[in-house]
Each structure stands twice: as C-alpha cells, then as structure tokens.
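Given next are the chains, with one letter for each unit.
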Amino acid sequence: MTSETTALVGRRVRSGISHVLLVIVAILFLVPLVYAVSTSLKPADEVFTPTPELFGSEIRWQNYADAFTFAPFGRYFLNSLFVAIVGTLVVVVASSMSAYAFARLKFRGREQLFVLFLGTLMVPQEVLIVPMYWLMQSLGWVDSYWALILPWAFTAFGTFLLRQFFLTVPAELEEAARVDGCGPFGTFLRIMLPLARPAIAVLTVFTFISFWGSFLWPLIIINTVADKGTVPLGLAQFIGQQGTQWNLMMAASVLAMLPTVLLVILLQKHLVRGLLVTGLGGR
C-alpha cells in the first residue's frame, strides 16, 4: 500500500468518525426536543408512566389550545415579542454605532475607553439587579415595558462583536467614500452597515434569544404578570398548588420555541457567514 493510499484511507476514517460523532451530538440535542413535543401531545394522566412511551393513547392537539386558556399565554407571547423585537432593534442600532466609533473613528483615549467598556462584560447580571431596580424605581419605570427593554439594551457584547467585523473592512472603501463626499455618518450608513449584515444577523439572533428567554429580571421588575408578563413568567403559571400541568407546560414550551427557531431559519445564510467572519479582525 502506497503512502498516498494510506493517507487517503486515514482521511476517510477520520471523516467517518467525525460524521458519527456529529450524528451522536445531534441526537443528544434532539432528544429533549422530541420529549417535549411528545409530552405536549399526551393526556395529563399519561405523562408519567412506568414504561416510557413516545406517544400516549391519543394525540391531543387540544393541549395547545388549552395552554392558551389555562393562563393568558397569548398575552405573554405578545409581550415577549414586543420586548424582544424592540430590545433587539435598540441593541443593533446602539451597538453598530458605538462599534463603528471604536473601530474607525480616531479620538483620544479610544483604546482605553474600549477596554473599560469591555470590562463591563465581566460583571455578572445578578450583581446589577439591585442598583438597576433602584434606578428603575427612581425613574418610575417599575412594572413597565421600558424596564424590560432599556436596562439590558446597552451592553458591550454587541459592540465588541461588530467592532471586530468593522476592523476587517478594507480602509480603501472608506477612502473611496470620502472622495465621493461621504462623511463619517454617511460612510457608516452606506458602506459599513450593508457590509456588516452577516455580523448583524449574529447579533440579532443572540440578542433576540436573550430577551426572549430572560426570566430573573422580568420576575423582579414586573408586578402585574397577567398584564405585562413575558413567556418565561407565563410558563411558571403552569406550576400551582394543585400540581404541575406538564402536558400543557410542554405545549406552551414548544410554542415558545417557535419564534427563535423561525428567526434562525430566516437568517441562516447570514448567520453562518457571520459566525465565520466575525471576530477575525485585529487591526
């Protein structure tokens, strides 16, 4: 057997092992999802059985309708959509503008200010809960949508992500824009933002999921859960003194996953490209 044949066999073996491992990992990720969907379609008395079964004696699509009547889940769903969409828009706008300033505009103390700004990522959210609540109370925003959106809309993660992408853009494009009469803001709108669509897609998905799945802060800041509660708070309503409605909770959980899944599917092309190129800048 020649060295070329040996190398070819080795590559095929490594490729086969890699595919097997990927399939195993995919199955591990799919098992909880399949269990949630299966449980959401079972009658309440068949959720826990001595012998685990994928489906119950009947497939109860009615569980999904019952989930909306058991608690005002439709209201929770609309609240979460509003908070996640508006919060994501604020984060994308603020992060893109600050990232462009840190990456392209020259001013005294830029690097030191960016390091200080980046240092806020090391502060756990739990540490900020008390001062943030005090600030919301001072502004009169307790139990409001603004309190759900604005406190976490100005973080360093999005700025760092987009700054790294802006650093990969050739400086010649900016010079050409200046020759055509564009100022810094025009260059940002017409050159940088269109090029940054893959990185913005990554930031959009991460931010939307963060707002959509947030539980601790809404639990603290929202008093009227039935009116301004979000989906994570709504899921907690299925746990009561009479026991947990597991089939209805799983039905509500499956519905809660749909917006994030649809967002990832819609932005899949830009998301993959953004994950590949974001973070490669270092100029």
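Before any of the text, the structure's been laid out above.
1. Quick look at the overall build of the protein chain
Alright, step 1. Along the backbone of the protein chain there are 15 helices and two strands.
Alright, step 2. For a compact globule of 283 residues, the expected C-alpha radius of gyration is about 19 Å, and the protein chain comes in at 24 Å, more than 25% above that figure.
Alright, step 3. With the C-alpha coordinates of the protein chain rotated into their principal frame, the extents come out at 80 × 70 × 35 Å.
Alright, step 4. Burial analysis of the protein chain (283 residues in total) assigns 38% to the buried set.
Alright, step 5. At a minimum sequence separation of 6, the contacts of the protein chain that also span at least 24 residues come to 74%.
Alright, step 6. When the accessible surface of the protein chain is split by element, carbon and sulfur atoms take 70% of a total near 16700 Å².
Alright, step 7. Placing the 18 positive and 14 negative side-chain charges of the protein chain at their respective mean positions leaves the two points 13 Å apart.

2. A closer look at the packing of aromatic side chains
Alright, step 1. Under the criterion given, the structure shown has 14 aromatic pairs.
Alright, step 2. Following the ring pairs from residue to residue traces out a cluster consisting of Tyr100, Phe166, Phe185 and Phe188.

3. What about the packing of helix α3 (residues 73-104) against helix α9 (residues 184-195)?
The packing of two helices is summarised by the inter-axis angle and the distance between the axes.
Alright, step 1. The contact between α3 and α9 brings their axes to 11 Å, and the two run at 105°. Here α9 runs roughly perpendicular to α3, going by the angle between their axes. Residues Ser96, Met97, Tyr100 and Arg104 of α3 form the contact with α9, whose participating residues are Pro184, Phe185, Thr187, Phe188, Met192 and Leu193.
Alright, step 2. Here the residues of the contact of α3 with α9 are counted per class, giving seven nonpolar, two polar and one charged.

4. Considerations on the pattern of salt bridges
Alright, step 1. The tally for this structure, following the rule as stated, stands at six salt bridges.
Alright, step 2. Among the salt bridges present, the one from Asp227 reaches Arg75, with a minimum N-O distance of 3.1 Å. Taken together, the positions of Asp227 in helix α12 (residues 225-228) and Arg75 in helix α3 put the pair 152 residues apart, joining distant regions of the chain.
Alright, step 3. Two residues, Arg110 and Glu111, come together in a salt bridge whose shortest N-O distance is 3.0 Å.
Alright, step 4. Residue classification places Glu111 among the partly exposed positions, given a relative accessible area of 37%.
Alright, step 5. Beyond isolated ion pairs, a larger network of salt bridges with shared partners links Arg75, Asp227 and Lys228.

5. Concerning the packing of α9 against helix α10 (residues 197-213)
Alright, step 1. Between α9 and α10, the least distance of the axes is 5 Å, while the angle of their chain directions is 65°. Considered as vectors, α9 and α10 are oriented roughly perpendicular to each other. Residues Leu193, Pro194 and Leu195 of α9 pack against Arg197, Pro198 and Ile200 of α10.
Alright, step 2. Among the residues forming the contact of α9 with α10, the class breakdown is five nonpolar, no polar and one charged.

6. Concerning the environment of Ser95
Alright, step 1. Along the polypeptide, Ser95 turns up in helix α3.
Alright, step 2. By relative accessible area, which is 2% here, Ser95 ends up buried.
Alright, step 3. A polar contact of 2.8 Å, which involves the side chain of Ser95, links it to the backbone oxygen of Val91.

7. Here we look at the environment of Val37
Alright, step 1. Topologically, Val37 is positioned in helix α1 (residues 3-40).
Alright, step 2. For Val37, a relative accessible area of 32% gives the class partly exposed.
Alright, step 3. Sequence-wise, Val37 and Met250 are 213 residues apart; in three dimensions their C-alpha atoms are separated by 7.0 Å.

8. Some remarks on the side chain of Ser40
Alright, step 1. Take Ser40: it is sitting in helix α1.
Alright, step 2. Classification of Ser40 as buried rests on a relative accessible area of 0%.
Alright, step 3. In this structure Ser40 touches Arg60, Asn63, Tyr64, Asn247, Met250, Ala251 and Val254, once residues within four positions along its chain are discounted.

Thresholds, definitions, all that
Residues numbered from 1 in each chain as written. Predicted model: local features only at pLDDT ≥ 70, side-chain atom pairs only at ≥ 80, totals over all residues. Heavy atoms only, no water. Helix = DSSP H or I, 4+ residues; strand = E, 2+ residues; numbered from the N terminus. Rg over C-alpha atoms; globule rule 2.2 N^0.38 Å. Buried < 20%, exposed > 50% of the residue type's maximum accessible area, 1.4 Å probe, protein only. Contact = heavy atoms within 4.5 Å. Areas by Shrake-Rupley, 256 points an atom, 1.4 Å probe, with all protein chains shown as cover. Lys, Arg positive; Asp, Glu negative; His and termini not counted. Charge placed at Lys NZ, Arg CZ, Asp CG, Glu CD. Phe/Tyr/Trp six-rings, centres within 6.5 Å; stacked < 30°, edge-to-face > 60°. Axes fitted to C-alpha atoms, helices over the stretch in contact; angles between N-to-C directions. Parallel < 35°, antiparallel > 145°, perpendicular 65-115°, else oblique. Nonpolar A, V, L, I, M, F, W, Y, C, P; charged D, E, K, R; others polar. Salt bridge = Lys/Arg side-chain N within 4 Å of Asp/Glu carboxyl O. Polar contact = N/O pair within 3.5 Å; in protein donor to acceptor, adjacent residues only side chain to side chain.

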